[in-house]
Amino acid sequence: MDPEGGVTPRTINAILAYRAAGDPAAPYLRTDDAVLSFGEVDDQAEALAASLANLGIGPGDRIALVLPAWPEFAVTVYAAARIGALVVPVDPRLRLPELRYALRHSGAACAVTAENAHGIDFLQIFEDLLVELPALRRLVTVGEEDLWYDDRIFQWEDCLSAGVGRDFDAPAAAAGDPFAILYTSGTSGKPRGVELTHANLLHAAAETTRAIDLAPGDVVAGVSALHHVFGLGPGLLGTALGGASLVLCDDNGADGALKAATRHGATVQYGVPTDFATLLRQVEAEGGTPPALRLCLSSGAPMSDDLARRLEASLGVPLVIAYSLTEAASTLAMSRPGDRVEKRLFTVGRPIGGTEVRVRERDGTALPRESVGEIAVRGPGLMRGYYRQPRETAAATDPDGYLRTGDLGLVDEDGYLHLVGRREDVVIRGGFKVHPREVEDRIMAHPAVNRAAVVGVPDEILGEAICACVVRVEGGVVTESEIRAWSAATLAGYKVPDLVSFMEELPLTDTGTVRRRELARRVTAMPPHAPAESKPGDD
């Protein structure tokens, strides 16, 4: 088995086992405080797996990961692989209703959580959840609290100590076994659990790293969200496949991210366009491009032509663009460093190996090249399905096994894929998909609001900012700050409107549907109004 020679390991545990056996001292995970080698991560994963097995967690059980981009996240991923469990990565910034839904819907038997992160007291939250969710039997906490009062709660360090040298059953995993359930929003904004296998994740991760020639000695920076499919796949797993090391950044802003990349000698910078726009402003203002940098890779949302040009000119290294979907285990197409500049910067490249892309009419009829239609995709990275939602799975795929992405695009004469928009209403804010209906429903629940519509407006940093267009009830009084605070009470931070525009009425069709395109044009034409100071995912 040789990942660098073109043979991808069949299971996730095999990646770490291969690296730990071949070069255990090679650095793998880098933080502000420490550098963990492949061997050290392997030892910790072995100890944690033994402890989890002793606590009754085994094959088929779901382990929720409610953690920032910390080494404990990575260790738990590999420990779960050793005992045949599935991981359920959850954004630690989610509000309680969304967190509760993911835990309940997945049937998580165990959760590994930070005790405190981003100003959130997870111990208090899980004290209630352990009562509400009978399936949740065990909790492992990362922090310093003394948790003697509850025999279902175990501290991270205690678990590692208890598992050292302890035997446990390690079932033989197959490539087609499910390994992860990642929650993403559907067309109505309701969460759906995307079930991915070992093979799904490893295929997308391997093809991404091969496309950029990731190798031992490379240092990857810019991964701050391991709960996202790109962070889990090409980020965590792909770095191990290439034998490189990964800088874990816990959302410490552009200045902190730039310093971390420079301090660790980053050679490859990952990120969404928002990350790169913020990084570019920092570099242009103060200089200090990481001296070892050789490549940037952007995914998660479309990047403007202007930002792509400026980024490459300022950093002095090639930029490649990836088209990533949770349902495709991350990357399904990407440009390559050797592509001509107009293809590398202004398309999302060509499909990765083994992946087929079609552009079709609404009725499924295939369109010729240079024609705009809905993008459909099929390949080894395609999900097993939406967990416990067979009807949703059937609706998203056609009889030939192609996933309907909902994205509009075209394939040019050279085989490069161009994204031109979305068939459904969606705002992509800083790489996060936000469905207007979910935000609108929350705003409409305010007693002073008669009607609300949410649209995306162009923003240099975020890509799109969320603008809530609000019609007050007659005589109603409510301010922009009140609408934002009302939204923030139940919505994740990245879903809270950046702007609020109060109107006498909304443009409607004859059937009473909001004319979103017209509304977006109106809002865009208004005098500039700076979005609220918040980063993607802020609470």
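Everything in this summary refers to the structure shown in the same document.

Parameters at a glance
Residue positions are given per chain, counting from 1 as you read along its sequence in written order. Totals for whole chains, interfaces and linings use all residues, but because this is a predicted model, local features are given only for residues with pLDDT of at least 70 and pairs of side-chain atoms are given and counted only at 80 or more. Side-chain calculation: all heavy atoms of the structure are included, whereas hydrogens and water are not. Side-chain atoms within 4.5 Å link the members of a nonpolar core, which is a set of buried Ala, Val, Leu, Ile, Met, Phe, Trp, Tyr and Cys residues. Think of it in three bands: with a 1.4 Å probe and only protein chains considered, a residue is buried below 20% of the maximum accessible area for its type, exposed above 50%, and partly exposed in between. Two residues form a contact once any of their heavy atoms are found within 4.5 Å. Ring geometry is summarised as follows: Phe, Tyr and Trp rings, the Trp one being its six-membered ring, pair when their centres sit within 6.5 Å, and such pairs are stacked at plane angles under 30 degrees, edge-to-face over 60 and tilted between the two. Runs of E in the DSSP output that reach at least two residues are strands. Runs of H or I that reach at least four are helices, and both are numbered from the N terminus. Lysine and arginine charges are scored as sitting over a ring when NZ or CZ, respectively, is within 6 Å of the ring centre and within 35 degrees of the ring normal. Salt bridges, as used here, are contacts in which a Lys or Arg side-chain nitrogen is within 4 Å of a carboxyl oxygen on Asp or Glu.

## Describing the nonpolar core
Of all hydrophobic cores here, the largest spans 153 residues; its most connected members are Ile63, Tyr78 and Leu236. Ignoring sequence-local partners within four residues, the contact set of Leu236 consists of Tyr28, Leu29, Ala74, Val77, Tyr78, Leu226, Gly231 and Leu246.

## Looking at the packing of aromatic side chains
A full pass over the atoms with the stated rule returns five aromatic pairs. With 6.3 Å between their ring centres and 85 degrees between their planes, Tyr101 and Tyr183 make a pair best called edge-to-face. In this pair, Tyr101 is assigned in helix H4 (residues 96-106) and Tyr183 in strand S10 (residues 178-185), connecting sequence segments 82 residues apart. Tyr101 sits in the partly exposed class, given a relative accessible area of 30%. Of the aromatic side chains, those joined through ring pairs into one cluster are Tyr28, Phe38 and Tyr78. Lying over the aromatic face of Trp486, Arg442 brings its terminal NZ or CZ to 3.9 Å of the ring centre. In this structure, Arg472 packs its charged tip against the face of Phe502, placed 3.8 Å from the ring centre.

## Looking at the pattern of salt bridges
One pass over the full model with this rule turns up 26 salt bridges. Between Asp32 and Arg263 there is a salt bridge; the shortest N-O distance is 2.6 Å. Of this pair, Asp32 sits in the loop between strand S1 (27-30) and strand S2 (35-37) while Arg263 sits in helix H9 (residues 253-263), placing them 231 residues apart in sequence. Classification of Asp32 by relative accessible area gives exposed; the value is 53%. Glu132 is the partner of Arg100 in a salt bridge, and the nearest nitrogen-oxygen pair spans 2.7 Å. One end of the pair, Arg100, is in helix H4; the other, Glu132, is in helix H5 (residues 122-132), and 32 residues separate them in sequence. Exposure remark for Glu132: the relative accessible area of 34% places this residue in the partly exposed category. One salt-bridge network, in which partners are shared between bridges, spans Arg340, Glu342, Lys343, Asp412 and Asp414.

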